[in-house]
Amino acid sequence: MITLNNREKINKSKIRVGRGIGSGKGKTSGRGVKGQKSRSGVAIKSFEGGQMPLYRRLPKRGFNPISKESVAILNLDKIQSHIDKKNINPNELLNSELLKKLKLINKNASKLKILGSGEVKDKINIEADLASKSAIEKLEKIGGSIQLKK
């Protein structure tokens, strides 16, 4: 029967290197002759003899999801400032196509999210994919509307 203290390997003695020729691990202590790796204090982790190491040959991927969809965000105060500058007509429907044409959001954005920082004075109608609760509240308070695409 094997118990914890009479297992094989538990009583094996540590190899004592550099203790004479008869031990088989004497003289160079199994490190070969000369060279960087025979010296003490040397750790050549991932060194490939001057060849470009694997971690530098492979592309960086990290935490950037490959299939991430880009969401353009737009605050209410930004919309209001463009209405004041007469870039946006408050009577027409604001959607991502119009905003892309006016270059207010990135042309590569797949979705549009309306956020509620700032105030809107004009009654506007917006069509977006996503919207924050505060943005919806503020738009409904002034009589505007927001349609969320499903």
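Predicted, not measured: the structure shown is a model, and the values here were computed from it.

**Brief notes about unusual backbone geometry**
Step number 1: Unlike most non-glycine residues, Lys86 shows phi in positive territory, near 65°.
Step number 2: Residue placement: Lys86 occurs in the loop between α2 (76–84) and α3 (96–101).
Step number 3: Looking at Lys86, the relative accessible area reads 72%, which means it is exposed.
Step number 4: One non-glycine residue, Lys103, lies in positive phi territory at about 60°.
Step number 5: Tracing the backbone through its elements, the reader meets Lys103 in the loop between α3 and β2 (111–115).

**Overview of the environment of Glu140**
Step number 1: Relative to the elements of secondary structure, Glu140 occurs in helix α4 (residues 133–141).
Step number 2: In this structure the C-alpha to C-alpha distance between Glu140 and Ile21, which are 119 residues apart in sequence, comes to 90 Å.

**As for a nonpolar patch on the surface**
Step number 1: Taken together, Val42, Ile44 and Phe47 make up a surface patch of nonpolar side chains, about 250 Å² in accessible area.
Step number 2: Tracing the sequence through the fold places Val42 in the segment before α1 (54–57).

What counts and what doesn't
Residues numbered from 1 in each chain as written. Predicted model: local features only at pLDDT ≥ 70, side-chain atom pairs only at ≥ 80, totals over all residues. Heavy atoms only, no water. Helix = DSSP H or I, 4+ residues; strand = E, 2+ residues; numbered from the N terminus. Buried < 20%, exposed > 50% of the residue type's maximum accessible area, 1.4 Å probe, protein only. Patch = residues over 30% accessible without salt bridge, like charges linked within 9 Å, V, L, I, M, F, W, Y side chains within 5 Å. Areas by Shrake-Rupley, 256 points an atom, 1.4 Å probe, with all protein chains shown as cover. Salt bridge = Lys/Arg side-chain N within 4 Å of Asp/Glu carboxyl O.

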